[in-house]
Amino acid sequence: MLLVITPISWILLHQPQNDAADASLPIGTRTDDSYATPSTVPVDAPTSTPPKTPSATPTAPPTGTPTTSVTPTAPPTNHPTNTPTTEPTDHPTSTATKVPTEPPNTPRPSTTPTDKPTNTPPPPQPPPPTDDGDMDGNEQQLFNSINSARRKNGCVDLKSDTSMTRSAEADAADRAANNTVNSGDTDSKANVGGESWSADQAFDRMMSENRSTLLNCSFTTMSVGRGTKGYDTGALCGLGIGCTHHTRVAWVAIFR
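Treat the numbers as computed from the prediction; the structure is a model and nothing was measured. (Residues numbered from 1 in each chain as written. Predicted model: local features only at pLDDT ≥ 70, side-chain atom pairs only at ≥ 80, totals over all residues. Heavy atoms only, no water.)

Asks: Looking at this structure, how should I read the packing of aromatic side chains?
Replies: Each aromatic ring pair is described using two quantities: the centre-to-centre distance and the angle formed by the ring planes. Scanning all chains against the criterion turns up one aromatic pair. For the pair Phe219 and Phe255, a centre-to-centre distance of 5.5 Å together with 25° between the ring planes defines the contact as stacked. Remark: Phe255 occurs in strand S3 (residues 244–255) and Phe219 occurs in the loop between helix H5 (211–214) and strand S2 (222–233); sequence separation between them is 36 residues. Here Phe219 falls in the buried class, since its relative accessible area comes to 11%. (Phe/Tyr/Trp six-rings, centres within 6.5 Å; stacked < 30°, edge-to-face > 60°. Helix = DSSP H or I, 4+ residues; strand = E, 2+ residues; numbered from the N terminus. Buried < 20%, exposed > 50% of the residue type's maximum accessible area, 1.4 Å probe, protein only.)

What follows is the structure in structure tokens.
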């Protein structure tokens, strides 16, 4: 021990100002038995923190002028540019037009016809109703009897006509009132009558006296008129005693 301490003490005494020695060097021995100069500065313990990697070298700022810079415009004015006027104008300054909107997925009508129109003729119109002559039941009975006789002789049925019926009825009423039921026959008219004559009695007399007229196939239209006139008879009928009532009937058939 003394052999080790004595040289160290001697070194410390002869180098009192060696504070500037590197404190980071640890005290140790060399292979050539020389001693390292001890340091009074404690050696920092090594840390486990890895050395920091130097950051990337910053690039120089761009020298050109940025293209996205915005040049300020003129400062806004304090007053509105559209100053309202006090005088009405002839035309409106702006017209708001409302465009009708359509609901989504609305089918639009097609302008192209899907079916071509055909030149189909209209359906035939029904024939106009036949004129029944506006005859009553007795007149219609004589009318049918005459047509039946014509068919048996090869003639077509005759049509009726209301205006002719009115003429036949007026003539029959006049003949019944004047008691001229069996006069004034012509080639286009037959007239007969008697006391309460029926349609069958009138047909039988016309067929016997006016056959050629009834069976003339050149005629196309016929109407029948019936007129009546009531009267009383008796010796004392003028006094209202013993009167007998009678009905005179006139039949007229007009052909055309």
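Asks: What should I look at first to understand the sheet that holds S3 in this one?
Replies: Pairing between the strands of a sheet comes from backbone hydrogen bonds, and it takes one of two forms, parallel or antiparallel. Spatially, the three strands line up as an open sheet ordered S1-S3-S2, and their pairing is antiparallel. Two strands in the sheet have a free side with no partner beyond their single neighbour: strand S1 (189–195) and S2. Between one strand axis and the next, the sheet turns by 15° as a mean value, whatever way the strands run. Sheet topology places S2 next to S3; twelve bridges connect them, and they run antiparallel. The partner of Lys229 across the bridge, within S3, is Arg248. Contacting S2 and S3, helix H2 (residues 137–152) runs over the sheet at an angle of about 130° to S2. (Pairing = 2+ DSSP bridges. Axes fitted to C-alpha atoms, helices over the stretch in contact; angles between N-to-C directions. Contact = heavy atoms within 4.5 Å.)

Asks: Would you mind showing me how to read the state of the cysteines here?
Replies: Structurally, a disulfide amounts to a covalent bond that connects the sulfur atoms of two cysteines. Evaluation of the coordinates by the stated rule reveals two disulfides. Disulfide partner of Cys155: Cys217, at an S-S distance of 1.6 Å. Handedness here is read from the sign of the S-S torsion; for Cys155 and Cys217, about -65°, the answer is left-handed. Of the two residues, Cys155 sits in the loop between H2 and helix H3 (162–178) while Cys217 sits in the loop between H5 and S2, which places them 62 residues apart along the sequence. Exposure remark for Cys155: the relative accessible area of 5% places this residue in the buried category. We classify Cys217 as partly exposed; its relative accessible area is 40%. When the bonded cysteines of the protein chain are counted from the start of the sequence, the pairing works out to 1-2, 3-4. (Disulfide = S-S within 2.5 Å.)

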